[in-house]
Amino acid sequence: MEYTREQGLAIRLREKDILVSAGAGAGKTRVLVNRLAEMIMDPEKPVTVDRFLVMTFTNAAAEEMKERIIGELNQRLEKDRGNRYLRKQIRMVRHADISTVHSFCNHLIRTHFQEAGIDPAFRIGEEGELFLLRQKAMEDLLEKAYSDQRESFLKLVEAYAPGKDDHGIETLIEELYRFSRGFPDGQQWFVQKQKELDKLENPDTLEDTGIMREMMIKVRRVLLECQEQLAEELEVFGDNPEPERFFSLMQEDKEMIEELLEIQGFASLGKALKEARFASLPRATKKEKECPFLEEIKAVHKFVREEIQELCTSFFLEEKEKLCRENRRLRPYIEELIRLAGEYEELYFSYKKEKNVYDFDDLEHIALQILVESYAEDGTPVPSQTADELSRKYQAIFVDEHQDTNMVQETIIRTICREGRNHLFVVGDVKQSIYRFRQARPDLFLSRYEANNKTEEAVNIELRDNFRSAPGVLSFCNTVFQLLMEKSFGGVEYTGEIALKPGENGPMAEEKTTSECMLLVDDEERQNLETEVSRLEGETAMIARRMQALREEGYRFKDMVILLRSGAGTAEEMADILNRYGIPAMCES
């Protein structure tokens, strides 16, 4: 199959950093494999396999990448059997630096163990033994804190663990520790947060803090949503502003929201929101009740009014001065919690080092110790000599699934990438980021995308052609996500510019199957079955009726498959219910 224009560009473009935003089924692995092969076989500037660094998200993906590179190079060897250079490159692929970030870090640590002060015979601990080490670290930490009788600690316990155990305090310490591990230098992050406490106590500097800026972003997001809802509602009037009273009501609401959006500053916006007054809904006349979208207008007006009230109670309940007084009162608790989290990290790491077992987070942080000489005051890493050597070794660096990279992994990549020495090629799709709970930072992908737009040294390439799914499936998915996904929810505005489209001449291009959405309404399903049923029984009954209807249209039961998010505890029961409907069904994990 021929490359699309965008695929060809991603494969052949040289001498630039490249970000590829690749939608589902867009052939990103094919692009990666062929770019690597083309660079290996470049007639002017060939790059040997040992000069690549390729970071994948899973070990399976790394192995698949190696197999596909070997397969691609073997195809080329078939046409040039005497090419000794190519034969050598094929042999080298098995030992190439194509691996997960953790595998790369593991190898780096074992190679530079003296710099890290680590026994090279270390292993990754089992979750059970790591849990016991965490438990011991927490017990020893709290035992020492109780014996020291620090007033700040005792007050923290009294406030957040008032019962007979320390579970509340332990949870706070563990959560803060885990969150801090998402930063390259957790201790420096703690120091920065403590410095910010000074600003939080002063009304003149309160608004110049990260938490207040984040709060204002959330408030503006709500106001923009209200503005959008009102703008859409006004469009239904078209050129005929009837019923006029309700048109005027929508217009007044929209003007009020626009005025609020113009206001800068926390205190000023809070004051304006509290003073905002919405006109009451007029009682509709008989003629106005004939308006087909009257109830919709009422609902939008109510929605906007309630959103403004919610903003007032959630973000602007107190004046700045009172907030600062409350921040001063809370400061000793925060400082004590930061201290405990830092001491817990030291204890836990010392126990792991004693046993010579580490977790995957440790691999990344120990690798950073090797790659980073120091950090500037703003957090910028200063690469070490080892990082400098690696930047000379690797001519090309590839990162797959970049949208699920965390800040620590991003810093590792930055220390090795060096302008004038090598180029970075990242592939990802912010719409498919699913690991935020593991501190993945899809905003890093978006930031890189925006930065690339501002320089001639880098380029962004969009792969939107989908070769995996039928056009009907893509159309359905696009319809759903255009309604749901926006910058505040999903990281991007899901517009026609980034929507998936069927790939021309792809294996599914001529597929005419459409998609349909079936909604289960519990009460209706109970009436259909004339009995009280569980949700699973109702859902399966609805599916069974559709399968029977499809059979009458000429399909066979063996043409049909039911996919579940998780089969555990439901697949067997669903199969039994289908059997009762006369549908032969079997389940597989």
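Our subject is the structure listed above.
Here the structure is a predicted model, which is why all the values come from computation and not from measurement.

Student: How should the overall build of the chain be read in this particular structure?
Tutor: Assigned secondary structure in the chain consists of 23 helices and 12 strands. For the chain, buried positions account for 42% of its 589 residues. For the chain, contacts bridging at least 24 residues in sequence account for 74% of all contacts bridging at least 6. Summed over its atoms, the accessible surface of the chain is roughly 33900 Å², and 50% of this surface lies on carbon and sulfur atoms. Counting 83 positive and 114 negative side-chain charges, the chain places the averaged centre of each group 4 Å from the other.

Student: Sorry, what's going on with helix α16 (residues 360–371) here?
Tutor: Within an α-helix, residues lying three or four positions from one another point in the same direction, as the helix has 3.6 residues per turn. When the terminal C-alpha atoms of α16 are compared, their 17 Å separation across 12 residues agrees well with the 16 Å that a helix rising 1.5 Å per residue should span. Where α16 begins, one side-chain oxygen reaches toward the backbone nitrogen of D361, 3.2 Å away; that side chain belongs to D359.

Student: What is the right way to read the packing of aromatic side chains from this model?
Tutor: Each aromatic ring pair is specified by the distance between its two centres and by the angle formed by the two planes. Counted according to the given criterion, the structure contains 15 aromatic pairs. Relative to F398, the ring of F52 lies with its centre 5.9 Å away and its plane at 65°, an arrangement referred to as edge-to-face. Of this pair, F52 sits in strand β2 (residues 52–56) while F398 sits in strand β8 (residues 396–399), and the two are 346 residues apart along the sequence. Exposure class is identical for F52 and F398. Each is buried. When the ring of Y344 is compared with that of Y348, the centres are 6.1 Å apart and the planes differ by 15°; the resulting orientation is stacked. Here Y344 pairs with Y348, and both are found in helix α15 (residues 320–355), just 4 residues apart, close to one helical turn. A relative accessible area of 1% means that Y348 is categorised as buried.

Student: I'm lost on the layout of surface pockets in this one. Help?
Tutor: A probe matching the size of a water molecule, rolled over the atoms, marks out where space remains unfilled. Of the voids in this model, the second largest pocket is the one considered here, and its volume is about 1400 Å³. In terms of lining residues, the second largest pocket is bounded by 32 residues, among which E516, M518, V561, I562 and L563 are the most central. With 7 residues, helix α22 (residues 535–552) is the largest single contributor of residues to the lining of the second largest pocket. Of the residues that constitute the lining of the second largest pocket, the class distribution is 20 nonpolar, 5 polar and 7 charged.

Student: Even after reading the chapter, I still don't get the sheet that holds strand β3 (residues 97–100), so can you show me in this structure?
Tutor: Note: strands within a sheet are paired through backbone hydrogen bonds, in either parallel or antiparallel orientation. The strand order across the open sheet formed by 6 strands is β3-β2-β8-β9-β1-β10, and the pairing between neighbours is parallel. Both outer strands of the open sheet, β3 and β10 (458–463), are each paired with one neighbouring strand and no more. Pairs of neighbouring strands in the sheet enclose a mean axial angle of 15°, with direction left out of account. The pairing of strand β1 (residues 17–22) with β10 spans 6 bridges and is classified as parallel. By the bridge assignment for β10, V20 is matched with I461. Across the sheet, helix α1 (residues 5–12) is in contact with β1, β9 (423–428) and β10; its angle to β10 comes to roughly 145°. Contacts from helix α19 (residues 442–452) reach β1, β9 and β10 within the one sheet, and its direction differs from that of β1 by about 125°.

Student: Which parts of the structure should I look at to understand unusual backbone geometry?
Tutor: Positive phi outside glycine occurs at N356, with the angle close to 60°. Relative to the helices and strands, N356 resides in the loop between α15 and β5 (357–358). The backbone of E401 shows a phi angle near 50°, a positive value even though the residue is not glycine. Mapped onto the elements of the fold, E401 is located in the loop between β8 and α18 (407–416). On the accessibility criterion, E401 (24% relative accessible area) is partly exposed.

Student: Quick question: what am I supposed to make of the pattern of salt bridges here?
Tutor: Side-chain pairing between opposite charges can occur once the charged atoms of the two side chains come close. If you walk through the whole model with that rule in mind, you get 48 salt bridges. Between E319 and K274 there is a salt bridge whose closest N-O contact spans 3.5 Å. Pair noted here: E319 is in the loop between α14 (294–315) and α15 and K274 is in helix α13 (residues 266–275), with a separation of 45 residues, a long-range link. Classification of E319 by relative accessible area gives exposed; the value is 51%. Residue class for K274 comes out partly exposed when judged on its relative accessible area of 33%. Here E326 makes a salt bridge to R329, at a shortest N to O gap of 2.6 Å. With E326 and R329 both in helix α15 and 3 residues apart, this pair spans about one turn of that helix. With a relative accessible area of 34%, E326 lands in the partly exposed category.

Student: Help me understand the nonpolar core, please; the structure alone is not making it clear to me.
Tutor: Nonpolar side chains in soluble globular proteins tend to be buried together. In this structure, F104, I397, I412 and I416 are the most contacted members of the largest nonpolar core, which totals 41 residues. The element best represented in this core is α16, accounting for 6 residues. Contacts of I397, omitting those with residues within four sequence positions, involve L53, I416, C417, N422, H423, L424 and F425. In terms of nonpolar packing, the next biggest core, distinct from the first, is built from 37 residues, C226, L260, F266 and C312 among them.

Student: Could you clarify how one ought to interpret the packing of helix α8 (residues 151–160) against helix α9 (residues 167–180) in this entry?
Tutor: Each packed pair of helices is defined by two parameters, the angle between the axes and the distance between the axes. Running from amino to carboxyl end, α8 crosses α9 at an angle of 110°, the nearest separation of the two axes being 8 Å. Between α8 and α9, the angle is such that the two are roughly perpendicular. When α8 is examined against α9, the residues L156, V157 and Y160 are found in contact with a partner set consisting of G168, I169 and L172.

Rules used throughout
Residues numbered from 1 in each chain as written. Predicted model: local features only at pLDDT ≥ 70, side-chain atom pairs only at ≥ 80, totals over all residues. Heavy atoms only, no water. Helix = DSSP H or I, 4+ residues; strand = E, 2+ residues; numbered from the N terminus. Buried < 20%, exposed > 50% of the residue type's maximum accessible area, 1.4 Å probe, protein only. Contact = heavy atoms within 4.5 Å. Areas by Shrake-Rupley, 256 points an atom, 1.4 Å probe, with all protein chains shown as cover. Lys, Arg positive; Asp, Glu negative; His and termini not counted. Charge placed at Lys NZ, Arg CZ, Asp CG, Glu CD. Expected span 1.5 Å × (residues − 1). Polar contact = N/O pair within 3.5 Å; in protein donor to acceptor, adjacent residues only side chain to side chain. Phe/Tyr/Trp six-rings, centres within 6.5 Å; stacked < 30°, edge-to-face > 60°. 1 Å grid on protein atoms, 1.4 Å probe; cavity = no way out; pocket = protein on both sides within 12 Å on 5 of 7 lines; lining within 4 Å. Points joined across faces, edges and corners; volume = space filled by probe spheres on them. Nonpolar A, V, L, I, M, F, W, Y, C, P; charged D, E, K, R; others polar. Pairing = 2+ DSSP bridges. Axes fitted to C-alpha atoms, helices over the stretch in contact; angles between N-to-C directions. Salt bridge = Lys/Arg side-chain N within 4 Å of Asp/Glu carboxyl O. Core = buried A, V, L, I, M, F, W, Y, C linked by side-chain atoms within 4.5 Å. Parallel < 35°, antiparallel > 145°, perpendicular 65-115°, else oblique.

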